Amino acid sequence: MSILGTRVIRTEDPRLLTAGGIYVDDLREPELDGAARATFVRSTVAHALITGIDTSAALEQPGVIAVLTAADMTDLPPPPPAGEFDPDAPAVEGPLPLGGVWSEPLLAVDRVRFVGEPVAIVLTDSTYQGEDAAELVSVDYEQLPAVPSIEAALAAGSLLFPDAGTNVCQKGGQDTSDESIFDGCEVVVEGDIVNQRVACLPMEGRSTAAAFSGGKLTVWASTQNAQLSRLILTAIGLPPDAIRVVAPDVGGGFGAKIGVDRESIIVAWAAKHTGRPVRWVETRNENLLAMTQGRAQELHIKIGGSRDGHIKAYRLNVLQDTGAYARMSGFLPSLTVLMAPGVYDIPAVQADYKVVVTDGTPIAAYRGAGRPEAAATIERAVDWFAAEAGLDPARVRKLNFIKPGQFPFVTKTGAPYDSGEYEAALDKVLAKAGYEELRAEQRRRREAGAARQLGIGLASYVEVTAGDAGAGETCKIDVHSDGTATVYTGSSAHGQGHHTAFAMLVQAELGIPMDKVEVIHGDTDLIPDGVGTYASRSLQLGGSAVQKAALEVKDEAARQAAALFEAAEADVVLDADTGLWQVRGDPDKSLTWAQVASEAEGGTLMANVRFTQAMPTFPFGSQLSLVEVDTETGKVTLLRHVTCDDAGPVLNPVLMEGQRHGGIAQGAAQALCEEVLYDADGNPLTSTLADYGAITAAELPSFELVTSETPTHLNPLGVKGIGEAGTIGATPAVQNAVIDAVSHLGVRHIDMPLTPERVWTAIQSAGLRRHVREASAK
Amino acid sequence: MIPPAFTYRRASSADEAIALAAEYGDDAKYLAGGHSLLPLMKLRFAAPSVLIDLGRLPELSYIRDERTYVAIGALTRHHDVQHSPVLAAQIPLLAHTAGRVGDPQIRHRGTIGGSVAHGDAASDLPAALLALDATFVARGPSGTRSVQAAGFFKGIFETDLEPGELLTEIQVPKPAVPAAWSFQKFTKRAIDWAIVGVAVQGHAIALINMGTTPLRATAAEAALASGASIADAAALAAEGTSAGSDIHATKAFREHLARVLVKRALEEAGARS
Ligand SMILES: Cc1cc2nc3c(=O)[nH]c(=O)nc-3n(C[C@H](O)[C@H](O)[C@H](O)COP(=O)(O)OP(=O)(O)OC[C@H]3O[C@@H](n4cnc5c(N)ncnc54)[C@H](O)[C@@H]3O)c2cc1C
């Protein structure tokens, strides 16, 4: 029986949970002997000109090796000329920084644009000395009016990049001016929805160590992809082959560790510049100030349809706050636009986006990256529409779903959905949750006028995974003469369980037991070519690459075995259960992998492949959230969360559940409690974990997970990505549940996070509106 | 996230602690559980140059039944207050409140004396002690004195303690009806500090985070005393308070919460007794 689909316990865990992982801070490589500690001096103001930096007091402190600023970076290649900014230039394809007049420097040059921006780097013998010395670096700022919000950016009273002449750095999508798409709609809802800025918050913050010797730079970084990091690090003026990047254990990334940030480049440069190895491990405070954050959109929606619930038209305008620097330019909102209509077959859809710079921490990918915003908005819009039409939200969803027979389906925004069983997924969730009974209990509480009301929230989502399917993923497999195998993957584990999953694939194809399979990732000397882990791409691309390499090794082994057996290649078979090579019809003769590999050239059987996929895949699902709302205080309690997340055949339920659990928790967190806040001067108000309300286990129920497996035809495993689906579905399910709990009081929408005060205020103002209506009717 | 350098002195007796405090003067701070002081130092909001560690003073860690009151040593950890059989029987409000402070790690480090001396209006135990009419015993170079809870909390992080004075004991009178208590703590997350909290013992009502110090809801108490219904008394809960606005709640919402929570607390206390 194949090991695939079985509950294999993660092989990573014994080490991570007992002996301890080796993160950048734990590395004791000889190259890092005597490494200096790096401490960044960060901007304390949101927007200002730097009029002077005095490092003299810091330099006199004990243990200080150097204090470096942009003025010291004379040994770097000059940046490309800025050129003119053309606001109508076509959007950059892919998640690339904007460059040109919008370029992000390494250490700040002349101007700072957000609190936390690195201004200088202090190198010391020890960490303690670093913080003391950094405090003594005196930076003179000439403050400029802050641009702390999208609204302020659009008002253009203050420009972050004066050479650009505007704070709007990107525009894209379709023309959204055609009002006629709503002609004949009996029910139309129009409104504003905020998808607030949130922190990515991996358990391990950012960290980098670098050593330069003999013309070669080695960088250990907490990253989701060593190979991309190497490319980024060429910014310090070295060719890729003079750089080795190693990703040791990485304590989570959630998108914010795709590649490396400017701090890592500065650390690498400092190591080369001073000739001394340097290590930087950020504090939690720094992490909340300067690691890229996510979401940060304000959306305007209009949705219309018939009174019986058929949606005819949907319009979406996205305003993206990209923070101080356009790290991913228009990439995130372009995904929001692409996924705008979600799981629905809507005859007319228009969506566009505009990206502005603000004095906030730069925005980049965060678990879902542009797609959660699309799902949260259409799912909110559909509920809003259903409430306005007086229809059951489950019914409205079913009426408008894309039907199984319509796949492959290309949406009005151009998304090519591969496969889907949307109604089946919703039905499974409704059945598991006991939807009708929950509605009955809700009615009872409403009729009783109970202080604690019940809310039932639905979200049916589709998302795009492996968006860059064409880049694919690499894998090299060596089967050694002792019968063990080594897998070199270009994918990059940072908590997901790649080593378990990929070893399972090798065992399934080759019959080499998992404990004889070593998986190696994240070292550009061993794996120069690789793409990494993000966009829920690892199993479908990285896993398919493992399978492809395994099949090639198997072909090669079959040739060797045939020669050893003196049999025809076609008669040689591998028993994948025992891992023994045999000749068909001759059960007495067999060869082990060790015997076959020993005969290969150099005693190793080898395959080196790249798997690419023609298109991205589109996993989907439905989630139901049950909440209780204390209408006297606005406090929300999450009672149940039931989901059916379909990402194709499940390779290992343990890994899949892990991805779903974490995803749901983060999705619920955005709905209920998390938000990065700034004051009117652009000062962050949530720069410690006491102020940033990260969700904890105490706020979450046990999740009820239902299975559904609709394969894709796009890869041989039939799998899609599951890394972000939980998050994408959970946010709108929880938000819809809270609003559903108070919809009978006249509430139609509440923005996230659904804090007690927001919920309570919404109830109060709905009550006031009702009061005014009733009074004026008299 | 690293405090500036400081000198560390460990006291081996209460007297030595007081002597050390006198020696170093304004530059010194007592260190108890460290769970209020150290976060401030790590953020560099506080930078005492000397810390006098009280952590090894078992003489200040006890819970004793003194017939009319219970005496609690200032160094007693929240965990020990939470699990004290004496308090469970005699003053359940206090044991329960200690169990609602932060999370288990914090309750194993934080001390009742540190919580009182820190004088944070958002802390749980000071309000409970205010509702219980506790007395605080302080010892300084010039002797020992007692201060009523009602006169102890002076302003933002400001108490009646003189510089260098050591809080040694908290004396909590046994309530007439121990069961007539309620503790309402309103938070967004389980581990959070109270946005607003209410401690009720009998007809005494204390408010958490409704001003610069823990407060008694005097208007509501007076209404109760003159025979008002719980609902009518609770409607006065925010009278005379001066709650602030922050990222967790506006002043107006805090006032609303105070009214709701006082009503719930009075109802619960009434139902229990
Ligand atoms: C994450 C976190 C969450 C928390 N959540 C809560 C919560 O929900 N509710 C709550 O009430 N508290 C909470 N706390 C605070 C906790 O209860 C503290 O432990 C307590 O407030 C202070 O006690 P301590 O012993 O740690 O005092 P320390 O931090 O050691 O000292 C605090 C101050 O009191 C002074 N001091 C201490 N002891 C004495 C003494 N005997 N005499 C004179 N001065 C003294 C110190 O010099 C210092 O100025 C939390 C703390 C943390 C870190």
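Residues numbered from 1 in each chain as written. Chains lettered and ligands numbered in written order. Predicted model: local features only at pLDDT ≥ 70, side-chain atom pairs only at ≥ 80, totals over all residues. Heavy atoms only, no water.

## Overview of the sheet that holds strand E10 (residues 216–221) of chain A
All names here are of chain A.
No. 1: Strand order in the open sheet made by the 7 strands is E3-E5-E1-E12-E9-E10-E11, with mixed pairing throughout. The strands lining the two open edges of the sheet, one partner per strand, are strand E3 (64–69) and strand E11 (243–246). Here the strands of the sheet are splayed against their neighbours by 20° on average, with no regard to which way each runs.
No. 2: Here E3 pairs with strand E5 (residues 118–124) via 5 bridges, running antiparallel. If you follow Ala66 over to E5, its bridge partner there is Leu123.
No. 3: Helix H3 (residues 127–136) rests against strand E1 (36–42), E3 and E5 of the sheet, and its axis sits at about 25° to E1. (Pairing = 2+ DSSP bridges. Helix = DSSP H or I, 4+ residues; strand = E, 2+ residues; numbered from the N terminus. Axes fitted to C-alpha atoms, helices over the stretch in contact; angles between N-to-C directions. Contact = heavy atoms within 4.5 Å.)

## Brief notes about the sheet that holds strand E18 (residues 452–462) of chain A
Picture the strands of a sheet paired through backbone hydrogen bonds; they go either parallel or antiparallel.
All names here are of chain A.
No. 1: Across the sheet, 4 strands lie side by side as E18-E26-E27-E28; this open sheet has mixed pairing. The strands lining the two open edges of the sheet, one partner per strand, are E18 and strand E28 (703–706). Pairs of neighbouring strands in the sheet enclose a mean axial angle of 15°, with direction left out of account.
No. 2: As paired strands, E18 and strand E26 (residues 620–630) are joined by 11 bridges and run antiparallel to one another. Note that in E26 the partner of Val462 across the bridge is Phe620.

## Describing the packing of aromatic side chains
No. 1: Counted by the stated rule, this structure contains 15 aromatic pairs over all chains.
No. 2: Ring geometry for Phe114(A) and Tyr325(A): centres 6.4 Å apart, planes at 75°, overall edge-to-face. One end of the pair, Phe114(A), is in the loop between strand E4 (111–112) and E5; the other, Tyr325(A), is in the loop between strand E14 (311–321) and helix H8 (331–338), with 211 residues separating them in the sequence.
No. 3: Take Phe114(A): its relative accessible area is 2%, and that puts it in the buried class.
No. 4: For Tyr325(A), a relative accessible area of 1% corresponds to the buried category.
No. 5: Ring centres of Phe161(A) and Tyr325(A) lie 5.8 Å apart, and the angle between their planes is 80°; on these two criteria the pair is classed as edge-to-face. Pair noted here: Phe161(A) is in the loop between helix H4 (150–155) and strand E7 (168–173) and Tyr325(A) is in the loop between E14 and H8, with a separation of 164 residues, a long-range link.
No. 6: An aromatic cluster of three or more residues is present, and its members are Tyr344(A), Phe401(A), Phe407(A), Tyr422(A) and Phe620(A).
No. 7: The ring of Tyr534(A) has Arg537(A) sitting right over it, with the charged end atom 5.0 Å from the ring centre.
No. 8: Above the plane of the ring of Phe186(B) lies Lys635(A), whose end atom (NZ or CZ) is 5.7 Å from the centre. (Phe/Tyr/Trp six-rings, centres within 6.5 Å; stacked < 30°, edge-to-face > 60°. Buried < 20%, exposed > 50% of the residue type's maximum accessible area, 1.4 Å probe, protein only. Lys NZ or Arg CZ within 6 Å of the ring centre and 35° of its normal.)

## Points about the domain arrangement of chain B
Residue and element names in this part refer to chain B.
No. 1: Its domain assignment divides chain B into domain 1 (7–53), domain 2 (58–173) and domain 3 (181–272).
No. 2: Relative to domain 3, the C-alpha centre of domain 2 lies at a distance of 21 Å.
No. 3: Counting from both sides, the interface comprises 24 residues of domain 2 and, opposite them, 21 residues of domain 3.
No. 4: The junction of domain 2 with domain 3 conceals about 1900 Å² of combined surface from both sides, 67% of it contributed by carbon and sulfur atoms. (Domains from an automatic or database assignment. Buried area = accessible area lost by both parts, 1.4 Å probe.)

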